[in-house]
Amino acid sequence: MTDSRFGDGVSRRSFVKAASAAALVLTAKAVINPIEAWGMETKGLAPETVQALIQAARDIYPHDRVPDRFYAVAIKDYDVKAATDPKIKTLIEGGIAELNSAAKQAHGTDYVGVGWEEERVALLRKIEGTPFFKTLRGGLVTGLYNQKEVWPLFGYEGESASKGGYIKRGFDDITWI
Amino acid sequence: MAGKFDLNDDSVVVIVGSGAGGGTLGTELALKGINTVILEAGGRYEMEDFVNDEWDSFTQLAWTDMRTTSGSWRVAKDFANLPAWIVKAVGGSTVHWAGASLRFQEHEFKTKTVYGDVKGANLLDWPLTLAELEPYYAKAESRMGVTRTNGIAGLPGSNNYKVFEAGAKKLGYTEVHTGRMAINSAPRDGRGSCQQIGFCFQGCKSGAKWSTLIAEIPKGEDTGKLEVRSNSHVVKIEHDAKGKVTGVVYADKAGNLQKQKARVVAVAGNSIETPRLLLNSASSLFPDGLANSSGQVGRNYMRHMTASVYGIFDRPVHMYRGTTMAGVISDEAKHNPARGFVGGYEFETLSLGLPFMAAFLNPGAWGRSFTSAIDAYENTAGMWIVGEDMPQESNRVTLHATEKDKLGMPVANVHFDDHPNDIAMRNHAWKQGQAVYDAIGATRTMPTPPYPSTHNLGTSRMSEKPKDGVVNKFGQTHDIPNLFISDGSQFTTGAAENPTLTIVTLALRQADTIADMMAKKTI
Ligand SMILES: Cc1cc2nc3c(=O)[nH]c(=O)nc-3n(C[C@H](O)[C@H](O)[C@H](O)COP(=O)(O)OP(=O)(O)OC[C@H]3O[C@@H](n4cnc5c(N)ncnc54)[C@H](O)[C@@H]3O)c2cc1C
Ligand code: SF4
């Protein structure tokens, strides 16, 4: 039985395994998620930075049903841009360095090593007003939520004109009211 | 190069903008046999070009040229360069609009008299009455095919509507129905019926929704009397030594400046661009901008008191399926000062897709409070609140001192502060809206702040006396007889209802006036 509260997207979850950013494997030029079975070659940022960005993206917009790969896609652009734009590179590397040093001070580990979400969120709250945080959060609004592949996980069906609209597909199928 | 009418043809009526005001006026004039040129800054996209995707559609249609903001309204903080969410394309914002079409109430034409003095508010009675407008309202409703008028059936209730209606009735509201919508509930006027596609804001792909793009302009063009020149951005209105307007200067698609002569000019660029154009047309004869002897051009900018409420339930709603706004509760629309504010407001169903929900639910918010709401997207119902806001002289569209657009013209700055009456009304509406969903067992309700303005009004207000406003009761500027304003800028006050039916009504009436004046050679 599918849990209808989670929409049609629920079926997808059965073959998408998720893992936390702390479980990512880093090489000299890549970030690999062995459990979700994807890898991302890094271009402009250090793999450690990309890993921390993925974690920060999830901490900013935590959706437990959304696998890491969507967060990776959402922040990928910074890595690509950092390869050619030193300003972006400094902004992102600098922002993550700041997060890491705050994490070290408070918890004796870097950002991704901090165990509880609340503790990482507390570190993010402290930098909420910085251009780094504002850029990252602002970009995620479209970077994460405008991925068509993520919509089914929230039960949003997207485009409907080619299917004849919802006139015969449940625009008024509510039964509990 | 220009199409049908010659640039030097000084017998034509030139209209700036092809939206609710301009598209209707141009078509109506053409139907009367008057040669008309509509200059539209945006491109022309037809039904098959529209996309069922919120951000892609926004990129295709929205006005994203530079604008700036100031004032204490939250939009200035969250969307500093997007004060308004409106369209730059043939059809104007009627391509985006949802179709809600309500008449103003009688007292809303005389707020100064009925509400009395409200501190800080620049209230003024309209120089016309509901009775004077009624025949034109009737004509507009028939033209637009508004449901629940002219014997046209209402639209069927969607899931989002059923939740809204059940909550409203439980709470004791009685004026609840699926709206007066300019959306075909059955085929009419050569257009089909609503397929419940659910992307009304993104340009209806079925043609069920009225817009000037599909329902007016083609009829005007068929007469051979109307030319719509797209990608033609007007930068200046010109005048002669006597102070009569003689034509406009516009940038064509290639960015080259062209001059189109005119017998009459009507401006309908929506309430930010209209005053910007008047101000940018300042000359030695009119140093404060055209038609601005009152100093009121750009002032009294109104955006309606708006807000939304979303309610989360323990079971699915699928609000995004079907018409975006076909549902209304009108019980709070009356003027009842016992509630602690003057004027009233309407509740209307609203659904956003997931991408816009993420952008607009609580801009800037992050963390679990926000994401748990998004997680419940499928179980969410939504409503919009639209009410009368107070005109204030200091709420104002001005020219930016340094920022210029790519044509070198100063951009518009939109300054807005909520009036205490707006705040009191919004708080009341949030509470009542949340109560609607709570009444039927919502597990969580969310008072959502205003979006960038979809309703922009008042910046060239109508007034009886020239010293109080910019145009007379026909939209003719007090200062320049052959210069008209034909959009929502004319509104003296905003009323509680969505503005477009009234904009179309005024445009149809103005077409009669212009035709009459041209025949009598007074313009
Ligand atoms: C998402 C959304 C939903 C809405 N829903 C409703 C609803 O349900 N009910 C309702 O009543 N209203 C609704 N509205 C509001 C409605 O769209 C507007 O009130 C109406 O379209 C305004 O008409 P207008 O003629 O003033 O301007 P517009 O329709 O915006 O047209 C102005 C046109 O002028 C053009 N222009 C501007 N400056 C220049 C220039 N210098 N040169 C050439 N062209 C220029 C613009 O590109 C634009 O195409 C909605 C709006 C939006 C955005
Ligand atoms: S719901 Fe109806 S009006 Fe809205 S886009 Fe679909 S067909 Fe058009």
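Residues numbered from 1 in each chain as written. Chains lettered and ligands numbered in written order. Predicted model: local features only at pLDDT ≥ 70, side-chain atom pairs only at ≥ 80, totals over all residues. Heavy atoms only, no water.

Enquirer: What am I meant to see in the overall build of chain B here?
Expert: What chain B contains, in helices and strands, is 12 helices and 17 strands. Scaling as 2.2 N^0.38, a compact globule of 523 residues should have a C-alpha radius of gyration of about 24 Å, and chain B matches this with 22 Å. Along the longest, intermediate and shortest principal axes, the C-alpha atoms of chain B span 70 × 50 × 45 Å. Within chain B, the proportion of its 523 residues that are buried is 67%. (Helix = DSSP H or I, 4+ residues; strand = E, 2+ residues; numbered from the N terminus. Rg over C-alpha atoms; globule rule 2.2 N^0.38 Å. Buried < 20%, exposed > 50% of the residue type's maximum accessible area, 1.4 Å probe, protein only.)

Enquirer: Would you explain the site of ligand 2 in this entry?
Expert: In the vicinity of ligand 2, the residues found are Ile183, Cys194, Gln195, Gln196, Ile197, Gly198, Phe199, Cys200, Cys204, Ser206 and Thr323 of chain B. The residue inventory of the shell around ligand 2, partitioned by class, reads six nonpolar, five polar and no charged. (Near = heavy atom within 4 Å. Nonpolar A, V, L, I, M, F, W, Y, C, P; charged D, E, K, R; others polar.)

Enquirer: Help me understand the interface of chain B and chain A in this model?
Expert: Accessible area lost upon the coming together of the parts is a frequently used measure of interface size. Taken together, the contact between chain B and chain A spans 45 residues of the former and 44 residues of the latter. In total, chain B and chain A occlude about 3800 Å² of area from one another, counting both sides; carbon and sulfur atoms represent 59% of this. Summed over the three residues of chain B that lose the most area to chain A, namely Arg321, Trp366 and Arg368 of chain B, the buried surface amounts to 21% of that side. Our count for the contact surface shared by chain B and chain A stands at six salt bridges. Between Asp53 of chain B and Lys148 of chain A there is a salt bridge whose closest N-O contact spans 2.9 Å. For the pair chain B and chain A, the interface holds 26 residue pairs in polar contact (both at pLDDT 80 or more). For the side of chain B that touches chain A, the secondary-structure elements that each account for two or more residues are helix 2 (54-61), helix 6 (159-171), helix 9 (354-360) and helix 10 (368-375) of chain B. The element that contributes the greatest number of residues to the side of chain B that touches chain A is helix 10 of chain B, accounting for five residues. Of the residues belonging to the side of chain B that touches chain A, the class tally is 21 nonpolar, 13 polar and 11 charged. (Contact = heavy atoms within 4.5 Å. Buried area = accessible area lost by both parts, 1.4 Å probe. Salt bridge = Lys/Arg side-chain N within 4 Å of Asp/Glu carboxyl O. Polar contact = N/O pair within 3.5 Å; in protein donor to acceptor, adjacent residues only side chain to side chain.)

Enquirer: Is there a simple way to explain the pattern of salt bridges in this structure?
Expert: Should their charged atoms come close, side chains of opposite charge can pair. All told, the structure shown has 37 salt bridges over all chains when counted by the stated rule. Where Glu128 of chain A meets Arg125 of chain A, a salt bridge forms, and the shortest distance between an N and an O atom there is 2.9 Å. Residue class for Glu128 of chain A comes out partly exposed when judged on its relative accessible area of 31%. For Arg125 of chain A, a relative accessible area of 40% puts it in the partly exposed group. By sharing partners, the salt bridges in this structure join Glu28, Lys139, Arg143 and Glu216 of chain B into a single network.

Enquirer: Looking at this structure, how should I read the sheet that holds strand 2 (residues 30-33) of chain A?
Expert: The pairing of strands in a sheet comes from backbone hydrogen bonds and takes either a parallel or an antiparallel form. Residue and element names in this part refer to chain A. Across the sheet, three strands lie side by side as 1-2-3; this open sheet has antiparallel pairing. Whereas interior strands pair on both sides, the edge strands pair on one side only; in this sheet they are strand 1 (25-26) and strand 3 (38-41). Of the pairings in the sheet, the one linking strand 1 to strand 2 comprises two bridges and is antiparallel in character. By the bridge assignment for strand 2, Val25 is matched with Ile32. The sheet contacts of helix 3 (residues 68-82) involve strand 2 and strand 3, and relative to strand 3 the element is tilted by about 10°. (Pairing = 2+ DSSP bridges. Axes fitted to C-alpha atoms, helices over the stretch in contact; angles between N-to-C directions.)

Enquirer: Help me out: how do you make sense of the site of ligand 1 in this one?
Expert: Residue and element names in this part refer to chain B. Every one of the 39 residues lining ligand 1 counts as a neighbour, but Gly21, Glu40, Ser93, Asn270 and Thr500 are closest to it. In this structure, Gly21 approaches ligand 1 through a main-chain N or O atom, which is 2.8 Å from an oxygen atom. In the model, an oxygen atom of ligand 1 is placed 2.7 Å from a nitrogen or oxygen of the Glu40 side chain. If ligand 1 stood free it would expose 990 Å²; the protein chains cover 98% of that surface. Going through the elements one at a time, helix 1 (20-31), strand 6 (233-239), helix 8 (270-280) and helix 12 (500-519) are the ones with two or more residues in the shell around ligand 1. In terms of residue class, the shell around ligand 1 is built from 17 nonpolar, 18 polar and four charged. (Areas by Shrake-Rupley, 256 points an atom, 1.4 Å probe, with all protein chains shown as cover.)

Enquirer: What is the right way to read the layout of surface pockets from this model?
Expert: Sizing a probe to match a water molecule and rolling it over the atoms shows the empty space that remains. The calculated volume of the largest pocket comes to roughly 610 Å³. If you go around the largest pocket, you meet 27 residues; those closest to its centre are Arg137 and Gly138 of chain A together with Asp78, Phe79 and Gly364 of chain B. Contributions of two or more residues to the lining of the largest pocket are made by helix 6 (131-143) of chain A together with helix 2, helix 3 (74-78) and helix 9 of chain B. For the lining of the largest pocket, the element with the most residues is helix 6 of chain A, which contributes seven residues. Split into classes, the residues belonging to the lining of the largest pocket amount to 15 nonpolar, seven polar and five charged. Taken together, 13 residues form the lining of the second largest pocket, with Leu102, Arg103, Ser330, Glu346 and Glu497 of chain B sitting closest to its centre. (1 Å grid on protein atoms, 1.4 Å probe; cavity = no way out; pocket = protein on both sides within 12 Å on 5 of 7 lines; lining within 4 Å. Points joined across faces, edges and corners; volume = space filled by probe spheres on them.)

Enquirer: Looking at this structure, how should I read the sheet that holds strand 3 (residues 68-70) of chain B?
Expert: Residues and elements named next belong to chain B. On the basis of which strands lie adjacent, the open sheet formed by three strands has the order 3-15-14 and mixed pairing. Only two strands of the sheet have a single neighbouring strand rather than two, namely strand 3 and strand 14 (396-404). Adjacent strand axes in the sheet meet at a mean angle of 35°, parallel and antiparallel pairs treated alike. In the sheet, strand 14 pairs with strand 15 (residues 410-415) via five bridges, with the strands oriented antiparallel. Note that in strand 15 the partner of Lys404 across the bridge is Pro410.

Enquirer: Is there a simple way to think about the packing of helix 4 (residues 86-107) of chain A against helix 5 (residues 117-126) of chain A in this case?
Expert: The description of two packed helices rests on the angle between their axes and on the distance between the axes. All names here are of chain A. Where helix 4 meets helix 5, the closest approach of the two axes is 10 Å, and the angle between their N-to-C directions is 125°. It follows that helix 4 is oblique to helix 5 by the angle criterion. The way helix 4 lies across helix 5 gives a crossing that is right-handed. Of helix 5, the residues touching helix 4 (which contributes Leu99, Ala102, Ala103 and His107) are Glu119, Leu123 and Leu124. Each residue belonging to the contact of helix 4 with helix 5 can be placed in one class, and the counts come to five nonpolar, one polar and one charged. (Parallel < 35°, antiparallel > 145°, perpendicular 65-115°, else oblique. Left-handed = near helix turned anticlockwise from the far one by under 90°.)

Enquirer: Quick question: what am I supposed to make of the packing of helix 1 of chain B against helix 7 (residues 212-222) of chain B here?
Expert: All names here are of chain B. Where helix 1 contacts helix 7, the axes come no closer than 8 Å and their chain directions differ by 25°. By the angle between their axes, helix 1 is roughly parallel relative to helix 7. When the axes of helix 1 and helix 7 are compared, the crossing they make is left-handed. Between helix 1 and helix 7, the contacting residues are Ala20, Gly23, Thr24, Thr27, Ala30 and Leu31 on the first element and Thr212, Glu216, Ile217, Lys219 and Gly220 on the second.

Enquirer: Just checking my understanding: could you explain helix 11 (residues 420-438) of chain B for this structure?
Expert: One turn of an α-helix holds 3.6 residues; hence residues three or four places apart share an orientation. Counted at 1.5 Å a residue, the expected span for helix 11 of chain B with its 19 residues is 27 Å, and the 27 Å between its end C-alpha atoms agrees. Buried residues in helix 11 of chain B make contact with helix 6, strand 10 (305-312), strand 11 (328-329), strand 12 (345-349), strand 13 (380-387) and strand 16 (444-448) of chain B. (Expected span 1.5 Å × (residues − 1).)

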